[in-house]
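Geometric and topological summary
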Amino acid sequence: MAEAASKPTGSWRRRLDYIFGRNTLIGVASLMLLFLSGYATWHGMRDFIVGVSATPTGPEPGSMSIPNDILVIGVVVSLTFLMWLALRETFGAGRDFSDRVIMFVLYVFLAIWSIGFGYGFWWSLISGQEATRTGLSGLQEDARDASAVVAARLDAVRSQLDNVVSWSESQMAREETSGGSCGTASGAGRGPLYNARRGVRDSVATLRDGMVRSWLEPVQAEVEQLRQSAQSLAGASVEERQRNFETMASQIRGSARNIAARSNELGKSTAAEMRALAETVSVAPGQPGFSCYDPTLAQRLTQAADQAGQPADVKLRDAAFSEGPAGVANAVKNLWKNIGAYSYSLVHYVVTLGSEPATTTEAGDPITGRDLIALLASIGIDFGLLVLAILNPPARRPEMAGDKRREIQSAIATAIARAPDADIEWVRRHFIYHKTHSYLVIPNLYSCDTETEGAKALAMNQLAGVLDDLDLVEWPKPGWGPLKKSELQKLKDEEAEGSDTDLTAVRKAWLDKHGKTSGPDAEARDAAVRDAAPLRNHGLFSKAERALTIAGWGESARRDVEVYRLVDTEGLTPILDVLNDWRDGPADTRKTDA
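In this report, we go over the structure that sits alongside the text. It should be emphasised that the depicted structure is a prediction, and the values quoted were computed from it without experimental measurement. Throughout this description, residue numbers start from 1 for each chain and increase along the sequence as written. In keeping with the predicted nature of the model, local features appear solely for residues at pLDDT of at least 70, side-chain atom pairs appear and are counted solely at 80 or more, and the whole-chain, interface and lining totals rest on all residues. The basis for every side-chain value is the complete set of heavy atoms in the structure, and neither hydrogens nor water enter the calculation.

**Points about the packing of helix 2 (residues 22-52) against helix 10 (residues 369-391)**
Geometrically, a packed helix pair is captured by the angle between its two axes and the distance between the axes. Here is the rule: Here, axes are lines fitted to C-alpha atoms. For helices the fit covers the stretch in contact, and angles between N-to-C directions go from 0 to 180 degrees. The way it works is that DSSP assigns letters per residue, a run of H or I at least four long becomes a helix, a run of E at least two long becomes a strand, and they are numbered from the N terminus. Throughout this description, any angle smaller than 35 degrees is read as roughly parallel, any larger than 145 degrees as roughly antiparallel, any in the 65 to 115 degree range as roughly perpendicular, and the remainder as oblique. For any pair of crossing helices, the crossing counts as left-handed if the nearer helix is rotated counterclockwise from the farther one by less than a right angle, and right-handed if it is rotated clockwise. By the convention used here, residues are in contact when the closest approach between their heavy atoms is within 4.5 Å. Under the convention adopted here, Pro, Cys and the residues Ala, Val, Leu, Ile, Met, Phe, Trp and Tyr are nonpolar, Asp, Glu, Lys and Arg are charged, and Gly plus all remaining residues are polar.
With their axes 9 Å apart at the nearest point, helix 2 and helix 10 run at an angle of 155 degrees to one another. As far as their axial angle goes, helix 10 and helix 2 are roughly antiparallel. Viewed along their axes, helix 2 and helix 10 form a crossing whose handedness is left-handed. Here Arg22, Ile26, Ala29, Ser30, Leu33, Leu34, Leu36 and Ser37 of helix 2 lie close against helix 10, whose contacting residues are Ile381, Asp382, Gly384, Leu385, Leu388 and Leu391. Its residues assigned to classes, the contact of helix 2 with helix 10 comprises nine nonpolar, three polar and two charged.

**Re the nonpolar core**
Rule in force here: Here, nonpolar core means buried Ala, Val, Leu, Ile, Met, Phe, Trp, Tyr and Cys residues that are tied together by side-chain atoms lying within 4.5 Å of each other. When accessible area is computed with a 1.4 Å probe and restricted to protein chains, residues below 20% of their type maximum are described as buried, those above 50% as exposed, and intermediate ones as partly exposed.
In this structure, Ile412 and Leu440 are the most contacted members of the largest nonpolar core, which totals 44 residues. A total of six residues in this core trace back to one element, the largest contributor, which is helix 13 (residues 451-469). Setting aside residues up to four positions removed in sequence, Ile412 forms contacts with Ile424, Val427, Leu463, Val578, Leu579 and Trp582. The next biggest cluster of nonpolar side chains, apart from the first, holds 30 residues, and it includes Met103, Phe121, Tyr349 and Leu375.

**Re a nonpolar patch on the surface**
For clarity, the threshold we go by: To count toward a patch, a residue needs a relative accessible area above 30% and no salt bridge. Like charges then connect within 9 Å, nonpolar side chains (Val, Leu, Ile, Met, Phe, Trp, Tyr) within 5 Å. The Shrake-Rupley method, run with a 1.4 Å probe, gives the accessible areas here. Residue values count only the displayed protein chains as cover. We define a salt bridge as a side-chain nitrogen of Lys or Arg found within 4 Å of a carboxyl oxygen belonging to Asp or Glu.
A contiguous nonpolar patch, built from Phe104, Val108, Ile112, Trp336 and Ile339 and spanning about 420 Å² of accessible area, is present on the exposed surface. In terms of residue count, helix 4 (residues 97-177) provides more of the nonpolar patch than any other element does, three residues in total. Positionally, Ile339 belongs in helix 9 (residues 339-351).

**Thoughts on helix 14 (residues 487-495)**
Formally: Comment: arc refers to directions from the helix axis out to C-beta atoms.
Burial in helix 14 covers these residues: Glu487, Leu488, Leu491, Glu494 and Glu495. Projected down its long axis, helix 14 shows its buried positions confined to an angular sector of 115 degrees, all on one face.

**Things to note about helix 2**
Owing to its 3.6 residues per turn, the α-helix brings residues three or four apart onto one side. Where we set the bar: Expected helix span is computed as 1.5 Å times (number of residues minus one).
Taking 1.5 Å per residue as the helical rise, helix 2 with its 31 residues ought to reach 45 Å, and the 44 Å between its terminal C-alpha atoms agrees with that figure. Residues of helix 2 that are buried include every one of Ile26, Ser30, Leu33, Leu34, Ser37, Gly38, Ala40, Thr41, Gly44, Met45, Asp47 and Phe48, and no others.

**Things to note about the environment of Gly118**
Examined against the element boundaries, Gly118 turns out to sit in helix 4. Residues Gly118 and Gly44, 74 residues apart in the sequence, show an inter-C-alpha distance of 5.5 Å. Residues contacting Gly118, with those up to four places away along its chain left out, are Ala40, Thr41 and Ser378.

**Some remarks on the environment of Pro534**
Mapped onto the secondary structure, Pro534 falls in the loop between helix 16 (522-531) and helix 17 (540-550). Along the chain, Pro534 and Thr504 lie 30 residues apart, while their C-alpha atoms are 6.4 Å from each other.

**Thoughts on unusual backbone geometry**
Even without being a glycine, Asp421 presents a positive backbone phi close to 55 degrees. Assignment of secondary structure puts Asp421 in the loop between helix 11 (402-418) and helix 12 (424-428).

**A short note on the pairing of strand 1 (residues 431-434)**
Two faces make up the sheet, and in a regular strand the side chains alternate between them. Put simply, the rule is: A pair of strands is labelled paired if DSSP reports no fewer than 2 bridges between them.
Two strands pair when backbone bridges link them, and strand 1 and strand 2 (residues 437-443) are joined in this way by four bridges, in the antiparallel orientation. Across the sheet, Ile432 pairs through a bridge with Tyr439, a residue of strand 2. Counted along the chain from strand 1 to the antiparallel partner strand 2, the turn is two residues long, and its residue Lys435 has a positive phi close to 55 degrees.

**Structural notes on the environment of Ala260**
Of note, Ala260 is situated in helix 6 (residues 238-280). Spatially, the C-alpha atom of Ala260 lies 8.3 Å from that of Ala146, the residues being 114 residues apart in sequence.

**A look at the sheet that holds strand 1**
Read from one edge to the other, the open sheet built from four strands follows the order 1-2-4-3, with strand pairing classed as antiparallel. In this open sheet, the two strands that pair with only one neighbour each are strand 1 and strand 3 (473-474). As paired elements, strand 3 and strand 4 (residues 561-566) share two bridges and run antiparallel to each other. Paired with Val473 across the strands is Leu566, a residue of strand 4. With respect to the sheet, helix 17 is in contact with strand 1, strand 2 and strand 4, its orientation differing from that of strand 1 by roughly 155 degrees.

**Details of the side chain of Asp371**
This is how the line gets drawn: His is not counted, nor are the chain ends, whereas Lys and Arg count as positive and Asp and Glu as negative. N or O atoms within 3.5 Å of each other form a polar contact, as long as, within protein, one can give a hydrogen and the other can take it, and as long as residues adjacent in sequence are counted only when both atoms are side-chain atoms.
Turning to its location among the elements, Asp371 is positioned in helix 10. Buried and without a salt bridge, Asp371 has Arg370 as its closest oppositely charged side chain, separated by 7.8 Å. A distance of 3.1 Å separates a polar side-chain atom of Asp371 from the backbone nitrogen of Thr368. If near-sequence neighbours (up to four positions away) are discounted, Asp371 is found in contact with Tyr119, Trp123, Ser127, Tyr342 and Pro366.

Now the structure itself:
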């Protein structure tokens, strides 16, 4: 059998279709989405466990425990594979409706689990740092606003005290010029009532100056310090940034609460002093303790005392560190606590093409576009798996197309009709199996001596040509010069090797060890074994020669054979499928040469 150039078109076309075909590309896309889904879920679940743990836990001495990372990986891989399997079973061919419903419910449950933890990963990646900065800025803003309110109240108290001082000075001047300013008749001049007036004026002025020095000015300085505090976080790692964040947040809260505490403490003492002074000027003439009766001054002092005694209420928003595991844990918990608000916001965001909805969480935090983008990223992966499963559902074992089946049947029937005394069983005898392939073996047309064998060889030659045109058989692969042997050369080299299954050497070794065998004709059998020559390996060509012998070909035809490898198409060998499922009986297919 001489080598010939193989026909590469069909082979390369099948290879390209295998690599770039629709099913392969969809399968590769599904694997990529499964990897992304699994990675995001693993990262989110792992960070969630770390983020919600108050203190790191480890295995107790002497106990057997699986590390958390390995356990999380095992859980995520198992559940992700189960989600993919449930999705395939939902849309696979030949499944019962009840099975589809059950598997779809399982898929939805696992998809929600995957989306939840995947959202934590994407949220931390997309908006973790921004949320941290926003939270810290909001805390600073709240602290500054609360401190500014305290400072404004102190300034109002000071204004009232300034009015009280002005009133006292005016009444003191009245007492000096005309008298009668203390609720009783008195003459002009600097008498006892004038001195009482001056004492009240000095007490109020001292109270005001003390409030400004020990109360108002320190509060104003701390408020200014809050305004100038840095808003950026420094740190090379997440852990360092978290420590810096907690330190800054603690300082801001501490400063705001210190301002409020000092304000409340000084306010109480100042209010007590002003009420005592108001009681002094409220004593009517002729009553015990009378010094100077001025109900207007008493009223003003009481109003200033009431305002000074009001406690400062500092309300600061929660500021959480939103990077790394802590951010993932916060994001996942917020999602589950506010699943309704997130669902509505996501629908609004998609329908309005990116318009942020005015919705907030239970804690009052707004749901931003970054939050929804992270949720879309998590949902999009599992939604992509769903779409790909719908587009390319698992099918039953592929079946041959009806047109191709009819073409093969027609070609075989034509060969049977043109070959004298041939039937379907005779055609089957030309197909053999060797190693990993099935082969069609026929004699070379030139080597057939008789007219009858020539007609049969011509019919089989034409059948091989038709099957080759249908890309169902192919010539053995050629070699690459001296670099790589051709397939035919390798097959011929097999014929020159010794048989690996020859038992002659084993039998001789047994005889050498034990001397003889037992039973009838033992000596003749032992002599035959000792005189036996090793068997040659019988490869494809030996099998082909034997198959042609069984098919009734002569010696000349058996010496020169052609072999064609059957092509595997989508898990099937179409020719063998047709031969095994031949519909016509031997009587119908047995023809004579017309």
